[in-house]
Amino acid sequence: MLLRHTLGLFAVASAAWGLMAPVQANTLKIGMILPMSGPFAAYGTQIQNGAKLYLSQHGDTVAGKKIELIIKDDTGVAPEVSKRQAQELLIKDNVDILAGFGLTPSAFAVAPLSVQAKKPMVVMNAATSSVTSKSPYIVRTSFTLPQTTAPIASWAIKNGINTVYTVVADYGPGHDAEAQFKKTFSAAGGHVIGELRTPVKNPDFAPYLQKIKDSKPDAIFMFVPAGEQGVAFLKGFKERGLAEAGIQLIATGDLTDEDVLDAMGDAALGVTTSFHYSEAHDSPENLAYTQAYAAAYPKNRPNFMSVSGYDGMHLIMETLKKTQGDASADAFIAAAKGSSWISPRGRITIDPETRDIIQTVYIRKVENINGKLQNVEFDHIADVKDPGKQ
Ligand code: DHB
């Protein structure tokens, strides 16, 4: 009886294995954790658009294995949801690679699972410097806040801005931006005369704007997560007459993200930012990218998140080519280190020491180009490593 039962189980198991084995062997599963609903839903749309565009252009098969994307919605700033989604992807779906991560709290929540499950984790937006240090299996194709902040601090001091009030969202990337701005700007002789941290969710900027205006800085430097918050801030900045009072607005390019630039309207004209990607970046690779993006997703404008999704998928596919389809963490990360290619944003390289991205950071100003607001690049600093790691 016992024997029959055991054999029976064995028969069922081997039949199931017989059915499943070829499917498993020929499929590589990528579990993408992204905000697909809530206030940051646009991040998920953009990252997913970029990743899927890459696969549609380059094919979804590598080393004889078909790539399967599984998308999970973590709803934005909800680390416990991100963690639950990752557990499900790892245990139920048996994914080979974790990817996505719109916001830092999501990346922080999932990093320990990448360590425990020993799975590669490709970060396609979350931009707090320390994210890559939370698991040896993390590699990032987006940017870091210190990387995009240092250049605008240097630009400011060279362009007659001597006093600055900093305004940042009160969490990882905001703290990074605030610290790096102060460090670079002060070292060059500038003075940060006020610092404000605003809530990550639903901030109301109105009460602060008058106070900042009264303190008469040459400029405000700001970082808030890309999207509606920037639109609201700019509206208040305009309504309260800060520009008329001679206060400039400088920021990382999150503020003038192409996704919300149309909604900002002319209030955004002249805002100077530093960033790693602009839809208006002048290169053959970006022309091809923006045209393909427009054809595939006519309702969206390509932005920095879409490019990180596109480059993230490039990194995954090229790395799997090198490992001949081996997605195990040690092999994958070893092969990913040092990867370098021409992205729509210019040359990018995965730093072999930190697994973070090395890239050119551009200084840009919002201008109206043929009826469309664009971040027009007018200066750049090549091959910037994350200063947050030094
Ligand atoms: C994060 C970083 C950004 O630059 C941004 O625009 C939105 C979110 C983050 O790391 O949470």
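See the structure above.
So, a few notes on the structure that sits alongside this text. Here the structure is a predicted model, which is why all the values come from computation and not from measurement.

Definitions and limits used
Within any chain, residue numbers begin from 1 and follow the written order of that chain's sequence. Reporting of local features is limited, given that this is a predicted model, to residues whose pLDDT is at least 70; pairs of side-chain atoms are given and counted only at 80 or more, and all residues count toward the totals for whole chains, interfaces and linings. Side-chain numbers come from the whole structure's heavy atoms, not from hydrogens or water. Secondary structure elements are taken from DSSP: a helix is a run of H or I of four residues or more, a strand is a run of E of two residues or more, and numbering for both begins at the N terminus. The size measure is the radius of gyration over C-alpha atoms, and the globule rule it meets is 2.2 Å times the number of residues to the 0.38 power. For every residue, the accessible area obtained with a 1.4 Å probe (protein chains only) is divided by the maximum for its type, and the residue is called buried under 20%, exposed over 50%, and partly exposed between those limits. Working definition of accessibility: Shrake-Rupley area with a 1.4 Å probe, residue cover restricted to the visible protein chains. Here, strands pair whenever DSSP counts at least two bridges between them. Definition used for salt bridges: Asp or Glu carboxyl oxygen within 4 Å of a side-chain nitrogen of Lys or Arg. All axes are obtained by fitting lines to C-alpha atoms, using only the stretch in contact for helices, and the reported angles, taken between N-to-C directions, cover 0 to 180 degrees. Oblique is the label for any angle not under 35 degrees, not over 145, and not in the 65 to 115 range, which are roughly parallel, roughly antiparallel and roughly perpendicular in turn. By definition in these notes, contact holds between two residues if any of their heavy atoms fall within 4.5 Å. Each residue receives one of three labels: charged for Asp, Glu, Lys and Arg, nonpolar for Ala, Val, Leu, Ile, Met, Phe, Trp, Tyr, Cys and Pro, and polar for the others, Gly being one of them. For this description, a residue counts as near a given molecule or strand if any of its non-hydrogen atoms is within 4 Å of it. A 3.5 Å cut-off defines polar contacts: any pair of N or O atoms within that distance qualifies, except that in protein one atom must be a possible hydrogen donor and the other a possible acceptor, and neighbouring residues in sequence count only when both atoms are side-chain atoms. As annotated, the domain borders come from an automatic or database domain assignment. Pairing of aromatic side chains here covers Phe, Tyr and the six-membered ring of Trp, requires ring centres within 6.5 Å, and sorts the geometry by plane angle: under 30 degrees stacked, over 60 edge-to-face, intermediate tilted. A ring is scored as having a charge over it whenever the NZ atom of a lysine or the CZ atom of an arginine sits within 6 Å of its centre and within 35 degrees of its normal. Here is how to tell: hold the view so the strands point away, follow the path from the first strand over the helix to the second, and if it runs clockwise the crossover is right-handed.

Before going further, it helps to spend a moment on the overall build of the protein chain. Across its full length, the protein chain carries 12 helices and 15 strands. In terms of C-alpha radius of gyration, the protein chain reaches 22 Å, essentially the compact-globule figure of 21 Å for 390 residues. When its C-alpha atoms are laid out on the principal axes, the protein chain stretches across 90 × 40 × 40 Å. Split into buried and exposed, the 390 residues of the protein chain put 56% on the buried side. Total accessible area computed for the protein chain in this model is approximately 15,900 Å², and 55% of it derives from carbon and sulfur atoms.

Take the sheet that holds strand β3 (residues 65–73) next. The sheet built from 6 strands is open, its strands ordered β2-β3-β1-β4-β5-β6 with mixed pairing. Among the strands making up the open sheet, the edge pair consists of β2 (61–62) and β6 (138–140).

Next up on the list: the pattern of salt bridges. Enumeration over the complete set of coordinates arrives at 17 salt bridges. In this structure, Lys118 and Asp330 form a salt bridge, with 2.6 Å as the shortest nitrogen-oxygen distance. Separated by 212 residues along the polypeptide, Lys118 in the loop between α4 (104–117) and β5 (121–123) and Asp330 in helix α12 (residues 329–336) bring together distant segments of the chain. When its relative accessible area of 39% is taken as the criterion, Lys118 is described as partly exposed. On the accessibility criterion, Asp330 (45% relative accessible area) is partly exposed. The closest approach of N and O atoms between Lys235 and Glu239, which form a salt bridge, is 3.4 Å. With Lys235 and Glu239 both in helix α8 (residues 228–239) and 4 residues apart, the pair spans about one turn of that helix. Neither residue differs from the other here; Lys235 and Glu239 are each classed as exposed. What you see here is one network of salt bridges that share partners, running through Arg140, Asp356, Asp386 and Lys389.

Next up on the list: the packing of helix α2 (residues 41–58) against helix α10 (residues 284–296). Following both chains from N to C, one finds α2 and α10 inclined at 105°, their axes separated by 11 Å at the closest point. Relative to α10, α2 is oriented roughly perpendicular. Within the contact between the two elements, α2 uses Gln46, Asn49, Gly50, Leu53 and Gln57 and α10 uses Tyr289, Ala292, Tyr293 and Ala296. Residues belonging to the contact of α2 with α10 are distributed by class as follows: 5 nonpolar, 4 polar and no charged.

The full set close to the ligand counts 16 residues, and Thr104, Ala127, Phe143, Tyr171 and Asp254 are the nearest of them. Thr104 is positioned with one of its side-chain polar atoms (N or O) 2.6 Å from an oxygen atom of the ligand. Ala127 places a main-chain nitrogen or oxygen 2.8 Å from an oxygen atom of the ligand. In isolation the ligand offers 290 Å² of accessible surface; the protein chains occlude 100% of this area. Of the residues in the shell around the ligand, the class split is 12 nonpolar, 3 polar and 1 charged. Of the domains in this structure, domain 1 (2–143 + 284–355) and domain 2 (146–275 + 361–389) are the two that each give at least three residues to the shell around the ligand.

Time to look at the environment of Val192. Counting through the fold element by element, Val192 comes out in strand β8 (residues 191–198). Sequence-wise, Val192 and Glu178 are 14 residues apart; in three dimensions their C-alpha atoms are separated by 9.9 Å. If near-sequence neighbours (up to four positions away) are discounted, Val192 is found in contact with Val164, Thr166, Phe181, Lys182 and Phe185.

Evaluated as defined, the whole model comprises 14 aromatic pairs. Taking 4.9 Å as the distance between ring centres and 55° as the angle between the ring planes, the aromatic pair formed by Tyr293 and Tyr297 counts as tilted. The class of Tyr293 is buried, set by a relative accessible area of 0%. Of the residues examined, Tyr297 reaches a relative accessible area of 17% and is grouped as buried. Taken together, the ring pairs connect Tyr54, Tyr277, Tyr289, Tyr293, Tyr297 and Tyr310 into an aromatic cluster. One cation-aromatic arrangement involves Lys134 over Phe108; the distance from NZ or CZ to the ring centre is 5.5 Å.

Pairing of strand β7 (residues 163–169) with β8, which is carried by 7 bridges, proceeds in the parallel orientation. Pairing of Thr166 across the sheet is with Glu195, part of β8. The handedness of the β7 to β8 crossover, carried by helix α6 (residues 172–187), is right-handed.

Shape is all these values report; function is a separate question.
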